[in-house]
Amino acid sequence: MTTVTIEASELTRTYGNNTVVRDVSFSLNKGEVLGFLGPNGAGKSTTMKMLTGNLAPTAGSVNICGIDIIENPKAAKALIGYLPEQPPLYKELTVDEMLALAGRLHGVTRKHLKKAVDIAKQRTGLTEMSGRLIDNLSKGYQQRVGIAQAIIHNPMVVILDEPTVGLDPSQIRDIRALIKELGGEHSVILSTHILPEVEMVCDHVQIIHKGQLVFNGGIDVLKQQRQGNKLLLGLSNAPSLDEIEKISGVVSVTAVQDGLLRVQYAVGENPAERIVETAVKKKWGLHQITPDQTSLEEVFVQLTYQEATQ
Ligand code: ADP
């Protein structure tokens, strides 16, 4: 049975006359990792703050495991772990002291505190760092402490705001692996402006642009959007482009890089076989014919551009 852990309904936030988040609705199931993707200034942090009960929405609601975060903030917040953009760390504390403090703040009882700290350290690879001052840890390890404090009370939902910003490539790899792992037991929402990060870590993705969702679906659906009706064609003895355009199903042909031709075809009328037959018959020197995928970056630009022009 799927359990809905977080449900946002028509979330809106206005500052003065400026609506920075508009009508954002979605739900997330237990065990899923949702990527909240958008350029800087799109409204990601504002949405995260509303989801975690740190900012009141101007309109709309958030339910955590069925509990309304505005009506019952204490109970709802107990089910959330949050790593804000600026990790809430006291750098003069050791890892153990910091996590014990976070545990107390999240309502972990004294009796269970040591175990909770040990488990959080284990899950984030911090056991060896227990007695180290946070100030003396690398940025990557500090970020692990940030994640450890967010999961110390074993929440249903973990919300991470841009968790890999400012880390070096090997730290980024470690943190992404850690987030993926967290997805097994918790629902995770991760905001990022990095498209490949979403591809690597998430099962679901939402793209936010100028405060509105322009895409909400499985990562596979986003990847499918890349499959346009296009072929890349390599001909060593190419005829004029209009010769190729005469082939049934071909809509247009354009020259692209490396001497290749991009063939756009009508939906459901892949002309690959007819192109091959004609190329052989007319000795066009066919050496390549492959599906042409739009890059995810291009899909992202298309989605955000469409929204901008509406
Ligand atoms: P992101 O996290 O996607 O970079 P934010 O949610 O931080 O975006 O910001 C979205 C928009 O809301 C930005 O244009 C930002 O300037 C504006 N904004 C955020 N916080 C405030 C605030 N406290 N007062 C006024 N405008 C704000």
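Bear in mind that the values here come from a model prediction, so they are computed numbers and not experimental data. (Residues numbered from 1 in each chain as written. Predicted model: local features only at pLDDT ≥ 70, side-chain atom pairs only at ≥ 80, totals over all residues. Heavy atoms only, no water.)

Enquirer: Would you explain helix 3 (residues 95-105) in this entry?
Expert: Each turn of an α-helix holds 3.6 residues, which means side chains three or four residues apart point in the same direction. Every buried residue of helix 3 is listed here: Val95, Met98, Leu99, Ala102 and Gly103. The buried residues of helix 3 occupy one face: seen down the axis, they fall within an arc of 135 degrees. Those residues of helix 3 that are buried lie in contact with helix 4 (110-124) and helix 5 (139-151). A positive backbone phi angle near 85 degrees is found at Gly107, which sits one or two residues after helix 3. (Buried < 20%, exposed > 50% of the residue type's maximum accessible area, 1.4 Å probe, protein only. Helix = DSSP H or I, 4+ residues; strand = E, 2+ residues; numbered from the N terminus. Arc of directions from axis to C-beta. Contact = heavy atoms within 4.5 Å.)

Enquirer: Explain the nonpolar core here, please?
Expert: Generally speaking, nonpolar side chains in soluble globular proteins are found buried as a group. Counting 45 residues, the largest nonpolar core has Val95, Val145, Ile179, Val205, Ile207 and Leu222 as the members making the most contacts within it. Per-element tally for this core: the top contributor is helix 6 (residues 169-182), with 5 residues. Residues within four places of Ile207 in sequence aside, it is in contact with Leu37, Gln212, Leu213, Val214, Phe215, Leu222, Phe300, Leu303 and Thr304. One finds Val21, Val24, Leu34 and Ile80 within the second-largest nonpolar core, a separate group that totals 24 residues. (Core = buried A, V, L, I, M, F, W, Y, C linked by side-chain atoms within 4.5 Å.)

Enquirer: Before we go on, may I ask you to explain the packing of helix 3 against helix 5 in this structure?
Expert: If you want to describe how two helices pack, look at the angle between their axes and the distance between the axes. One can describe the packing of helix 3 onto helix 5 by two numbers: an axis separation of 9 Å at closest approach and a directional angle of 30 degrees. When the axis of helix 3 is compared with that of helix 5, the two are roughly parallel. Our pair here, helix 3 against helix 5, has a crossing hand that is right-handed. Within the contact between the two elements, helix 3 uses Val95, Met98, Leu99 and Ala102 and helix 5 uses Val145, Ala148 and Gln149. Considered class by class, the residues forming the contact of helix 3 with helix 5 number 6 nonpolar, 1 polar and no charged. (Axes fitted to C-alpha atoms, helices over the stretch in contact; angles between N-to-C directions. Parallel < 35°, antiparallel > 145°, perpendicular 65-115°, else oblique. Left-handed = near helix turned anticlockwise from the far one by under 90°. Nonpolar A, V, L, I, M, F, W, Y, C, P; charged D, E, K, R; others polar.)

Enquirer: Quick question: what am I supposed to make of unusual backbone geometry here?
Expert: Across the chain, the bulk of peptide bonds are trans and the bulk of non-glycine residues have phi less than zero. You will see that Glu10, though not glycine, has its phi angle at about 45 degrees, which is positive. Considering the arrangement of structural elements, one finds Glu10 in strand 1 (residues 4-15). Residue classification places Glu10 among the partly exposed residues on the basis of a relative accessible area of 49%. A positive phi angle is found at Asn154, which is not glycine, with a value near 50 degrees. Looking at where Asn154 falls in the secondary structure, it is placed in the loop between helix 5 and strand 7 (157-161). A relative accessible area of 51% places Asn154 in the exposed class.

Enquirer: Before we go on, may I ask you to explain the pairing of strand 6 (residues 80-83) in this structure?
Expert: Consecutive residues of a regular strand have side chains that alternate between opposite faces of the sheet. By the alternation rule, side chains of strand 6 split into Ile80 and Tyr82 and Gly81 and Leu83, which are all buried. Alignment of strand 6 against strand 7, held across 4 bridges, turns out to be parallel. Bridged to Leu83 within strand 7 is Leu160. (Pairing = 2+ DSSP bridges.)

Enquirer: Explain the side chain of Thr192 to me, please; I cannot follow it from the model alone.
Expert: As for its position among the elements, Thr192 is in strand 8 (residues 187-192). Residue Thr192 is classed as buried on the basis of its relative accessible area of 1%. One polar contact links the side chain of Thr192 to the main-chain amide nitrogen of Ile194, over a distance of 2.8 Å. (Polar contact = N/O pair within 3.5 Å; in protein donor to acceptor, adjacent residues only side chain to side chain.)

Enquirer: Sorry, what's going on with the pattern of salt bridges here?
Expert: Should their charged atoms come close, side chains of opposite charge can pair. Applying the stated criterion across every chain, the model contains 9 salt bridges. Of the charged contacts, one joins Asp96 and Lys121 as a salt bridge, the two residues approaching to 2.6 Å between their closest N and O atoms. Residue Asp96 is found in helix 3, and its partner Lys121 is found in helix 4; the two are separated by 25 residues along the sequence. (Salt bridge = Lys/Arg side-chain N within 4 Å of Asp/Glu carboxyl O.)

Enquirer: Would you take a moment to explain the site of the ligand for this structure?
Expert: Close to the ligand lie Tyr15, Val20, Pro39, Asn40, Gly41, Ala42, Gly43, Lys44, Ser45 and Thr46, which account for all nearby residues. Contact distances for the ligand include 3.0 Å between an oxygen atom and a backbone N or O atom of Gly43. The element that contributes the greatest number of residues to the shell around the ligand is helix 1 (residues 44-51), accounting for 3 residues. Here the residues of the shell around the ligand sort into 4 nonpolar, 5 polar and 1 charged. (Near = heavy atom within 4 Å.)

Enquirer: Help me out: how do you make sense of the sheet that holds strand 8 in this one?
Expert: Each strand in a sheet pairs with another by means of backbone hydrogen bonds, the pair being arranged parallel or else antiparallel. Read across the sheet, 6 strands follow the order 6-7-8-3-9-10 without closing on themselves; strand pairing throughout is mixed. The sheet terminates laterally at strand 6 and strand 10 (212-218), the two strands that pair on one side only. Put simply, the sheet's adjacent strands are angled 15 degrees from each other on average, direction ignored. Pairing of strand 9 (residues 204-209) with strand 10, which is carried by 6 bridges, proceeds in the antiparallel orientation. If you follow Ile208 over to strand 10, its bridge partner there is Leu213.

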